[in-house]
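# Remarks on the overall topology
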Amino acid sequence: MSNRFVPGSKKPTLDKAARATLNYSWRWTKWLAGDTIATFAVSAKGVNVLHVSLDGDVVTAMLSGGKVGVEATATCEITTVSSPQKIEVRTLYLTVVPR
């Protein structure tokens, strides 16, 4: 897996092998600053989400599939327990590659 910037954009993009089934994680520790995740969800376009889990401040999704040469995304949304609740959304950008 490599990390690079797509020409013409400012979004970091990871390579994901089309046949690979791997875990991708969002670490929320700094953003939470002591708060706790109440709910979480992961959605994807261009790849499949097989499983999602929460371990402390880290949301992990097992992703599979994808079409070679096509950009895919996996988006994690969390809501905190604090009052008022905070909501944050972060997206991983993936370029599906052959391997």
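Residues numbered from 1 in each chain as written. Predicted model: local features only at pLDDT ≥ 70, side-chain atom pairs only at ≥ 80, totals over all residues. Heavy atoms only, no water.

### Some words on unusual backbone geometry
Convention followed: Secondary structure elements follow DSSP: runs of H or I no shorter than four residues count as helices, runs of E no shorter than two count as strands, and numbering proceeds from the N terminus.
Omega for the peptide link from Ser83 to Pro84 comes to 0°, which places this bond in the cis form. Mapped onto the secondary structure, Pro84 falls in the loop between β7 (71-80) and β8 (87-97). Residue Ala33 is not a glycine yet carries a positive backbone phi of 50°. Structurally, the position occupied by Ala33 is in the loop between α1 (29-32) and β4 (37-45).

### Here we look at the packing of aromatic side chains
How two aromatic rings sit relative to each other is set out by the distance from centre to centre and by the angle between their planes. As a reminder of what qualifies: For Phe, Tyr and Trp, rings pair up if their centres lie within 6.5 Å, where Trp contributes its six-membered ring, and each pair is then called stacked (planes under 30 degrees apart), edge-to-face (over 60) or tilted (otherwise). Note on exposure labels: buried denotes an accessible area under 20% of the residue type's maximum, exposed denotes more than 50%, and partly exposed covers the range between, all computed with a 1.4 Å probe on protein chains only. Whether a charge lies above a ring is judged from NZ of Lys or CZ of Arg, which has to be within 6 Å of the ring centre and within 35 degrees of the ring normal.
Per the stated rule, a full pass over the model turns up 1 aromatic pair. Centroid distance Trp28 to Trp31: 5.9 Å. Interplanar angle 75°. Geometry classified as edge-to-face. Accessibility expressed as a relative area gives 26% for Trp31, which makes it partly exposed. Note that Lys86 overlies the ring of Trp31, its terminal NZ or CZ placed 5.3 Å from the centroid.

### A look at the sheet that holds strand β6 (residues 58-64)
Put simply, the test is: When DSSP finds two or more bridges between two strands, those strands count as paired. Interaxial angle, 0 to 180 degrees, is taken between N-to-C directions of lines fitted to C-alpha atoms, where a helix line uses only the stretch in contact.
Taken together, 3 strands build an open sheet; the order of strands is β3-β6-β5 and the sheet is antiparallel. Of all the strands in the sheet, the pair left with one neighbour each is β3 (21-27) and β5 (48-55). For this sheet the average axis-to-axis angle between neighbouring strands, irrespective of direction, equals 20°.

### Focus on the nonpolar core
Inclusion rule: Grouping buried Ala, Val, Leu, Ile, Met, Phe, Trp, Tyr and Cys residues that are joined through side-chain atoms within 4.5 Å yields what is termed a nonpolar core. Two residues qualify as a contact provided that any one of their heavy atoms is within 4.5 Å of a heavy atom in the partner residue.
Trp26, Trp28, Val59, Leu63, Cys76, Ile78 and Leu94 are the most contacted members of the largest nonpolar core, which totals 19 residues. Where this core is concerned, the elements lending two or more residues are β3, β4, β6, β7 and β8. Of the residues forming this core, the biggest block, 4 residues, is contributed by β7. When sequence neighbours within four positions are dropped, the list of residues in contact with Leu94 reads Thr13, Leu14, Lys16, Tyr24, Val47, Leu63, Val70, Glu71 and Ala72.

### Here we look at the pattern of salt bridges
Our working rule: Just to be clear on terms, a salt bridge is a Lys or Arg side-chain nitrogen sitting within 4 Å of an Asp or Glu carboxyl oxygen.
This structure, assessed with the given rule, holds 2 salt bridges. In this structure, Lys86 and Asp35 form a salt bridge, with 3.6 Å as the shortest nitrogen-oxygen distance. Placement of the pair is Lys86 in the loop between β7 and β8 and Asp35 in the loop between α1 and β4, with a sequence separation of 51 residues. Judged by its relative accessible area of 14%, Asp35 falls in the buried class. For Glu88, the salt bridge goes to Arg90, with nearest N and O atoms at 3.6 Å.

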